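# Working through the structure, step by step
Residue-level listing of the chains:
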Amino acid sequence: SQKIEQNSEALNIQEGKTATLTCNYTNYSPAYLQWYRQDPGRGPVFLLLIRENEKEKRKERLKVTFDTTLKQSLFHITASQPADSATYLCALVAAGNKLTFGGGTRVLVKP
Amino acid sequence: EPEVTQTPSHQVTQMGQEVILRCVPISNHLYFYWYRQILGQKVEFLVSFYNNEISEKSEIFDDQFSVERPDGSNFTLKIRSTKLEDSAMYFCASSENRDTYEQYFGPGTRLTVT
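Model, not experiment: these values are computed from the prediction.

## Looking at the layout of surface pockets
Quantified by volume, the largest pocket comes out at close to 510 Å³. Considering the residues around the largest pocket, the lining is formed by 26 residues, among which A:Gln38, A:Pro40, A:Gly41, B:Gln37 and B:Gly40 are closest to the centre. Secondary-structure elements contributing two or more residues to the lining of the largest pocket are strand S9 (86–94) and strand S11 (105–110) of chain A together with strand S9 (88–95) and strand S11 (109–113) of chain B. Residue composition of the lining of the largest pocket, by class: 11 nonpolar, 10 polar and five charged.

Encoded structure:
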């Protein structure tokens, strides 16, 4: 069956450092992969989409890579700030625009 | 900035009762979705809706669930006979059309079934 895995352990990081999150998937050949941010009690917020033919995508301090051979995406937050503290969700797009989400990785940026 | 809105923010209901959760998607969006998140678990897809019909639905979306776009702005999720295990946060989302994949989520309705 299809599986999407993110590191369930929280990532504690010092302000100014780079946070790197991993998303691995199996039994899937997605054409698109997305990253969302979720704050407690709130809905996911779209951050970035990367296509299977793109190796890397950037938006401000965020960078996403997509390796379809390794079946893995990496999500980087550079120069992290306390306001970046949240849970980050990886999602794959399937038929009917259905999003299948990973369990998310909680990031805590300490000042 | 346009946003998806949902009402109510919190709904408490007794087992066996019917509930209707309401959403107003972003006005020029054509694709609508419902997801749910049980406390501490993943966000799970329920259903997608395009051109006035269901595009895709998950195994969770059984005969107890239905969706409707009753007018040009609202999108509703009905649960006919709620069960305890339906307690969750329900998120509505919308996207511009079938070729744009980024989805914009509402703030959610917390449904508590007692």
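## Topic: the packing of aromatic side chains
Counted by the stated rule, this structure contains 20 aromatic pairs over all chains. Measuring from ring centre to ring centre gives 5.3 Å for A:Phe75 and A:Tyr88, while their planes differ by 35 degrees; the resulting arrangement is tilted. Here A:Phe75, found in strand S8 (residues 72–77), pairs with A:Tyr88, found in strand S9; they are 13 residues apart in sequence, far enough to count as distant. Here A:Tyr88 falls in the buried class, since its relative accessible area comes to 3%. Aromatic side chains B:Phe32 and B:Phe75 sit 5.4 Å apart centroid to centroid with 40 degrees between the ring planes, which places their arrangement in the tilted category. You can see B:Phe32 sitting in strand S4 (residues 31–37) and its partner B:Phe75 sitting in strand S8 (residues 75–79), a full 43 residues away along the chain. A single burial state applies to B:Phe32 and to B:Phe75, both of which are buried. One aromatic cluster is present, formed by A:Tyr36, A:Phe46, A:Phe101, B:Tyr31, B:Tyr33, B:Tyr35, B:Phe45, B:Tyr50, B:Phe91, B:Tyr104 and B:Phe105 through successive ring pairs.

Reading the values: the criteria
Residues numbered from 1 in each chain as written. Chains lettered and ligands numbered in written order. Predicted model: local features only at pLDDT ≥ 70, side-chain atom pairs only at ≥ 80, totals over all residues. Heavy atoms only, no water. 1 Å grid on protein atoms, 1.4 Å probe; cavity = no way out; pocket = protein on both sides within 12 Å on 5 of 7 lines; lining within 4 Å. Points joined across faces, edges and corners; volume = space filled by probe spheres on them. Helix = DSSP H or I, 4+ residues; strand = E, 2+ residues; numbered from the N terminus. Nonpolar A, V, L, I, M, F, W, Y, C, P; charged D, E, K, R; others polar. Phe/Tyr/Trp six-rings, centres within 6.5 Å; stacked < 30°, edge-to-face > 60°. Buried < 20%, exposed > 50% of the residue type's maximum accessible area, 1.4 Å probe, protein only.

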